[in-house]
Amino acid sequence: MRRTVPFSTHSRPLLLLLVAVSLASSGCVASLRQAVPVRRLPECWLAAPKSGAVPIDFTLLRQSPPDQYILGPGDTLGIHIPTVIGAIDEQTRHLEPPPFQFSQGAGDRYVSQPAVGHPVVVRPDGTINLPLVSPISVGGRTITDVAEALRREYVDNQGILRPGRDHITVSLIKPRTHRVMVLREDSPADAPSLIRGDTTLLAKHGSGAVIELPAYENDVLHALIATGGLPGVDAKNEVWVLRNTTTPGFSAAEQLRQGMDPQQLASMNSNGTQVIRIPLRVCPGEPLMFGPDDVVLRDGDVVFIESRDSEYFYVGGLLKGARIELPRDTDLDVIGAIAMANGNINGPAGANAAATNFRSGPGNIVPPTRVIILRQLASGEQIKIHVDLKQASLDNRERILIQPEDVVMLHYT
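The rules behind the values
- Residues numbered from 1 in each chain as written.
- Predicted model: local features only at pLDDT ≥ 70, side-chain atom pairs only at ≥ 80, totals over all residues.
- Heavy atoms only, no water.
- Helix = DSSP H or I, 4+ residues; strand = E, 2+ residues; numbered from the N terminus.
- Buried < 20%, exposed > 50% of the residue type's maximum accessible area, 1.4 Å probe, protein only.
- Contact = heavy atoms within 4.5 Å.
- Areas by Shrake-Rupley, 256 points an atom, 1.4 Å probe, with all protein chains shown as cover.
- Expected span 1.5 Å × (residues − 1).
- Phe/Tyr/Trp six-rings, centres within 6.5 Å; stacked < 30°, edge-to-face > 60°.
- Core = buried A, V, L, I, M, F, W, Y, C linked by side-chain atoms within 4.5 Å.

> Honestly, the overall build of the protein chain in this entry has me stumped. Any pointers?
The number of helices and strands found in the protein chain is seven helices and 20 strands. Residues classed as buried in the protein chain amount to 41% of the 413 residues present. Taking the intrachain contacts of the protein chain between residues at least 6 apart in sequence as the baseline, contacts between residues at least 24 apart amount to 70%. A total accessible area of about 23500 Å² is found for the protein chain, and carbon and sulfur atoms account for 54% of it.

> Looking at this model, I keep getting lost on helix 2 (residues 143-157). Mind explaining?
Because each turn of an α-helix spans 3.6 residues, side chains separated by three or four positions end up pointing in the same direction. With 15 residues, helix 2 should cover 21 Å at 1.5 Å per step; its first-to-last C-alpha distance of 20 Å lies within 8% of that length. For helix 2, every residue scored as buried is listed here: Ile143, Val146, Ala149, Leu150, Glu153, Tyr154 and Val155. Summarising the contacts, the buried residues of helix 2 are in contact with strand 3 (76-80), strand 8 (136-137) and strand 9 (169-174). In the segment just after helix 2, Gly159 is the residue with positive phi, at about 70°.

> What is the right way to look at the packing of aromatic side chains in this model?
Each aromatic ring pair is described using two quantities: the centre-to-centre distance and the angle formed by the ring planes. Scanning all chains against the criterion turns up one aromatic pair. Between Tyr69 and Tyr216 the ring centres are 5.4 Å apart and the planes differ by 90°, which places this aromatic pair in the edge-to-face class. Here Tyr69, found in the loop between strand 2 (54-55) and strand 3, pairs with Tyr216, found in the loop between strand 11 (207-214) and helix 3 (220-226); they are 147 residues apart in sequence, far enough to count as distant. Judged by relative accessible area, which is 6%, Tyr69 ranks as buried. Tyr216 sits in the buried class, given a relative accessible area of 13%.

> How should the nonpolar core be read in this particular structure?
Nonpolar side chains in soluble globular proteins tend to be buried together. Of all hydrophobic cores here, the largest spans 28 residues; its most connected members are Phe313, Val371, Ile373 and Val387. Put simply, the parts of the chain that give this core at least two residues each are strand 16 (312-317), strand 17 (322-325), helix 6 (334-340), strand 18 (370-376), strand 19 (382-388), helix 7 (389-392) and strand 20 (407-411). Counting residues per element, this core draws most heavily on helix 6, which supplies four residues. Setting aside anything within four residues of it in sequence, one finds Val371 in contact with Val334, Ile338, Ile385, His386, Val387, Leu389, Val408, Met409 and Leu410. Within the second largest apolar cluster, 25 residues are counted, among which are Ile143, Val155, Val170 and Ala215.

Here is the structure:
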C-alpha cells in the first residue's frame, strides 16, 4: 500500500527557497551567454593600472629665473641722472632729490625693495627714451648693464656729465607682466565635504580667472597657485596649456569653449606647440612629454583643468543601481567596486540587494558569486566579462580592474 506524506507548513519555506534558487540560477545562465572569462581577455580590453604612478617633481612646472633680472619690453625702471632728469628747486637752485618708488616684486628670487628714480617704461622695441640722447637699447640687459650704458652715453660719448659727477641710479620699479587665462572645472571648497560613494553629483561650480603674472613667475606652477593650487580630486591629474596662436581663424580657447575635447585639440597640431598636455602623475621611468619652455606662459595663453565627469562606473543586478565615481589616483578592482556599492561577497548580497526583499530568499542565505561586467570598447562595441568571485577571492589575477563607464552587475550562481 502506497503511503502519502501530507504537505506540511514546515516544508513551504524550503520549497520557496528551491524555487528562488532555481530562478536565480536560470537568470545567471542567461546572463553568462557570450560572456568572456577574465582569464581569456586580451590585454587591450583590460583597464590600464594607475596605482604605480607617482607625482611629478612640481618644480618642473616652474621656470628657472636668472641670477639677475633681465630687462624686457614693459618693465618700468626708476632712473635718476643728476642735472638731466629731475626738477630744480627755484629757491635753492639745487636739483630736487629723486622720488622713491616701492617695487611690486620681480619674481621669487628678487626681494621687493624701494626703487629710486623717475619712472621710465621700456618700449616694445626694447629701448628707453631719455633727455639729450638717442634711444638706448636695454632689452636683454641687467640693471647693472643699463647703468653702465647710461654712464658711457652721458659721460664718454656726449660729454653731458663730467667724470666723477655721474651719479646715475637705475632700479626696477615694476616688472613686466603676462596676462593669461585660467579655466578650472574642479570645485574649490573652503571646507572639506563628505559625499557617499553612490551619490550622484548633480551640480558643481568651476572657476575662471584672468591673472597677470610677473616676469619669471609666468609659468604653470604660479598660475595654479594663484587660482587655488593643484587640481582637486574631481579633476583629471593633468593640465592643458592652450597657446595663443596667430593662425587666422583658429583659436584654441574658442574651440575649447565650444566643447571640443582637449585631446582633439592636441591632435590638430603635430609639433605640440599649439596645445600642450602636462601630466601631474607618471609611472617611474616614464619620459615626460613636455619641456621647460612648455611651462612658460605668454600673453593670451590659456591654462585649462578638465573635470572627471566621465570617470564613473555603474552597478546593478543584486546591487542597488547607482552611479559611482572612480578613484582618481588608485586602482579599483571588481571586489572593491562591490564594496563601494555596499555589496557583500561573503554573505547576503547587501542591505540594498534586490533579493533581500524576500524574507526567505537566497539573498539572506546564499552569497552571490558571479559578476557580469559590461564594458564599452574604443571601437564602440560592448563586451560581457564574466568574473567568478570565488576565484577572484583566491587569485589576484581574477580581480579585474574597473574602468570608466563599466556596468558591474552582481548575480547568483
